[in-house]
Amino acid sequence: MSAKSKNANRSILVAIGLFLLTKFKFIFLFLKGFKFTGTIISMGFALYFYALVFGWKFGVALIYLIFIHELGHVIAARIKGINTGLPMFIPFVGAFINLKEMPRDAKTEAFLAYGGPFAGLLSFLPAIPLYIYTEDPFWALVIHLGAIINLFNLLPVSPLDGGRIVGFYPLTFGF
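Okay, so let's go over this structure. Counting from 1, residues in each chain are numbered in the order their sequence is written. Confidence filtering applies because this is a predicted model: local features only for residues at pLDDT of at least 70, side-chain atom pairs given and counted only at 80 or more, and all residues used for totals across whole chains, interfaces and linings. To obtain the side-chain values, all non-hydrogen atoms of the structure were used and water was disregarded.

**What about the side chain of threonine 39?**
Part 1: When you line up the elements, threonine 39 lands in helix α3 (residues 37–54).
Part 2: Burial status follows relative accessibility: with a 1.4 Å probe on protein chains alone, a residue under 20% of its type maximum counts as buried, one over 50% as exposed, and anything between as partly exposed. Taking relative accessible area as the criterion, threonine 39 reaches 6% and is therefore assigned buried.
Part 3: Whenever a nitrogen or oxygen atom comes within 3.5 Å of another N or O atom, the pair is scored as a polar contact, on the condition that within protein one atom can donate a hydrogen and the other can accept it, and that pairs from neighbouring residues in sequence are kept only if both atoms are in side chains. A distance of 2.7 Å separates a polar side-chain atom of threonine 39 from the backbone oxygen of proline 87.
Part 4: Here, two residues are considered to be in contact whenever any of their heavy atoms come within 4.5 Å of each other. Each residue touching threonine 39, except ones within four places of it in the same chain, is listed here: Phe67, Leu86, Pro87, Met88 and Phe89. Numbering of helices and strands runs from the N terminus; a helix is a DSSP stretch of H or I covering at least four residues, while a strand is a stretch of E covering at least two.

See below:
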């Protein structure tokens, strides 16, 4: 497929998307009253852009993995009694949760940080038997993508989860 036809296809998809936004604005008014509106809208935009670039199956898998990872942070925060917002997606960056209050200490901060990778691990475990049973490479992609998201998030760099965990476990290097 030539670059010109790809641009034409994208232009058509954008035009259709804008048309639907103008014709179905009542959906946004309906969603305005729900607690999950921001998450649903940001998730939809992120899915749209991921699907445009990588295809819809990859987009859905990526959104699912990121969403479960972020819900792990939300659940960990709720366990510790910290009020948070729901996940908000940023296309090609990831997602975040808004802490409405800061953790009381470094141990609580580390607990919140561990919640995402733990839930992220649980999110792609069902893909393992699916891959073994079906041998569909898509499930192998889901497994690898989930592992990469978690490993990347565990890098000891702020604002990633690993950077928040390192604040509780200072590196001593045996000295």
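**Thoughts on the layout of surface pockets**
Part 1: Cavities and pockets are found on a 1 Å grid laid over the protein atoms alone: a cavity is a set of points where a 1.4 Å probe fits but cannot escape, a pocket is an open set with protein on both sides within 12 Å along at least five of seven lines, and a lining residue has an atom within 4 Å of such a point. Grid points are joined across faces, edges and corners, and a volume is the space filled by probe spheres set on the points. Put simply, the largest pocket is a space of about 670 Å³.
Part 2: Taken together, 24 residues make up the lining of the largest pocket; nearest its centre are Glu70, Val93, Ala95, Asn153 and Leu160.
Part 3: Put simply, the parts of the chain that give the lining of the largest pocket at least two residues each are α4 (56–79), β2 (94–96), α7 (137–153) and α8 (161–166).
Part 4: Residues are grouped as follows: nonpolar covers Ala, Val, Leu, Ile, Met, Phe, Trp, Tyr, Cys and Pro; charged covers Asp, Glu, Lys and Arg; every other residue, Gly included, is treated as polar. The residue makeup of the lining of the largest pocket, split by class, is 16 nonpolar, 4 polar and 4 charged.

**What about the packing of helix α5 (residues 106–124) against α7?**
Part 1: Only the stretch in contact is used when fitting a helix axis, every axis being a line fitted to C-alpha atoms; angles between N-to-C directions are given from 0 to 180 degrees. Where α5 contacts α7, the axes come no closer than 9 Å and their chain directions differ by 175°. When the interaxial angle is binned, α5 and α7 end up roughly antiparallel. From α5, Gly116, Pro117, Gly120, Leu121 and Phe124 reach across to α7, where they touch Val142, Ile143, Gly146, Ala147 and Asn150. For classification purposes, angles smaller than 35 degrees are called roughly parallel, those larger than 145 roughly antiparallel, those between 65 and 115 roughly perpendicular, and all remaining angles oblique.

**With respect to the side chain of aspartate 161**
Part 1: As for its position among the elements, aspartate 161 is in helix α8.
Part 2: Aspartate 161 sits in the buried class, given a relative accessible area of 3%.
Part 3: Side-chain polar atoms of aspartate 161 contact the side chain of histidine 73, separated by 3.2 Å.

**Here we look at the packing of aromatic side chains**
Part 1: Two aromatic rings from Phe, Tyr or Trp, using only the six-membered ring of Trp, form a pair when their centres are within 6.5 Å; if the ring planes differ by under 30 degrees the pair is stacked, by over 60 it is edge-to-face, and anything between is tilted. Scanning the entire structure with this criterion turns up 6 aromatic pairs.
Part 2: Between phenylalanine 67 and phenylalanine 89, the ring centres sit 6.4 Å apart and the planes meet at 25°, which makes this aromatic pair stacked. One end of the pair, phenylalanine 67, is in helix α4; the other, phenylalanine 89, is in strand β1 (residues 88–90), and 22 residues separate them in sequence.
Part 3: Of the residues examined, phenylalanine 89 reaches a relative accessible area of 6% and is grouped as buried.
Part 4: Joined through ring pairs, the aromatic side chains of Tyr50, Phe54, Phe58 and Phe92 make up one cluster.
Part 5: The ring of phenylalanine 138 has lysine 57 sitting right over it, with the charged end atom 4.7 Å from the ring centre.
Part 6: Placement of a charge over a ring requires the Lys NZ or Arg CZ to be within 6 Å of the ring centre, with the centre-to-atom vector within 35 degrees of the ring normal. Directly above the aromatic system of phenylalanine 111 lies the positively charged group of lysine 80, at a separation of 4.8 Å from the ring centroid.

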